[in-house]
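Examining the three-dimensional arrangement
One letter stands for each residue in the lines below.
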Amino acid sequence: MSNLILLKKGDVKSGLFSKKVASEIKFYNDKIVASPMGWNRIFNNSDTVIYLQDMNRIRFTWRGIGYNISIQTMDKNYTISLIFDKLEVTKIVESYQNLIENGVQILEKSDSEIGRAHV
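Every chain begins its residue count from 1, and numbering advances along the sequence as written. Given that the model is predicted, a residue must reach a pLDDT of at least 70 before its local features are reported, and side-chain atom pairs must reach 80 or more before they are shown or counted; all residues, however, enter totals for whole chains, interfaces and linings. Hydrogen atoms and water are omitted, and side-chain values are computed over all heavy atoms in the structure.

The secondary structure listing takes helices from DSSP runs of H or I that are at least 4 residues long and strands from runs of E that are at least 2 residues long, numbered from the N terminus. Along the protein chain, the regular secondary structure elements total 2 helices and 7 strands. Of the regular secondary structure in the protein chain, the N- to C-terminal order runs β-β-β-α-β-β-β-β-α. Taking all contacts inside the protein chain whose residues are at least 6 apart in sequence as the whole, residues at least 24 apart take part in 34%. Accessibility throughout is a Shrake-Rupley quantity obtained with a 1.4 Å probe, and a residue counts as covered only by protein chains that appear here. Of the roughly 8,100 Å² that the protein chain leaves accessible, carbon and sulfur atoms contribute 55%. Contacts between residues were defined by any pair of non-hydrogen atoms, one from each residue, lying within 4.5 Å.

Rendered as C-alpha cells:
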C-alpha cells in the first residue's frame, strides 16, 4: 500500500508535443500521481500515474523560476515543473533513483547467477 510523502502543486507534461497541465502532484513511496486542477479538469479528468518500477531515469533541470524533474520510462517521458521545496523533493527523487538503481543491480545479479547455474 502506498504512503503519501509529499503533496505539491505544479505542471505536468507527458510527452514531447503535449502541453503542460496544471496539476496537484502527490509523491508516494512507490509512485507519482498528478491530478489535473481547475479548468484542466474539464478537458482532462484522468490522473497521470508514474509507477516506480516503470521509471528508468530521473534528472533535475533548472528553469527561469523553479526546476523540472524529467522522468524517463519505457513508454513515455514526463516533465514535472515545480517551484518550491527543492530540497524535500530532491530527497524523495533521490530515494526513487536509489531504488531504481538497486532494482537494476538485483536483476543483473539474478541474471548472472542464473547464467552461472546453467554453466
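As a further point, take the packing of aromatic side chains. Two rings from Phe, Tyr or Trp (for Trp, the six-membered ring) form a pair when their centres are within 6.5 Å of each other. A pair whose planes differ by under 30 degrees is stacked, one over 60 is edge-to-face, and the rest are tilted. Scanning the entire structure with this criterion turns up 1 aromatic pair. Judged by centre distance (5.8 Å) and plane angle (50°), the ring pair of phenylalanine 60 and tyrosine 67 falls under tilted. The ring of tyrosine 28 is capped by lysine 31, whose NZ or CZ atom sits 5.3 Å from the centre of that ring. We call a charge positioned over a ring when the NZ of a Lys or the CZ of an Arg lies within 6 Å of the ring centre and within 35 degrees of the ring normal.

Now for the layout of surface pockets. Every definition here rests on a 1 Å grid over the protein atoms only: cavities are sets of points where a 1.4 Å probe fits but cannot get out, pockets are open sets enclosed by protein on both sides within 12 Å along at least five of seven lines, and lining residues have some atom within 4 Å of a point. Grid points are joined across faces, edges and corners, and a volume is the space filled by probe spheres set on the points. Roughly 230 Å³ of internal volume is contained in the largest pocket. Looking at the largest pocket, the residues that line it are Lys13, Gly15, Leu16, Arg57, Arg59, Ser70, Ile71, Gln72, Asn77, Tyr78 and Thr79. Contributions of two or more residues to the lining of the largest pocket are made by strand E5 (55-62), strand E6 (67-73) and strand E7 (77-82). Among the residues forming the lining of the largest pocket, the class breakdown is 3 nonpolar, 5 polar and 3 charged. Basically, the charged four are Asp, Glu, Lys and Arg, the nonpolar ten are Ala, Val, Leu, Ile, Met, Phe, Trp, Tyr, Cys and Pro, and anything else, Gly included, counts as polar.

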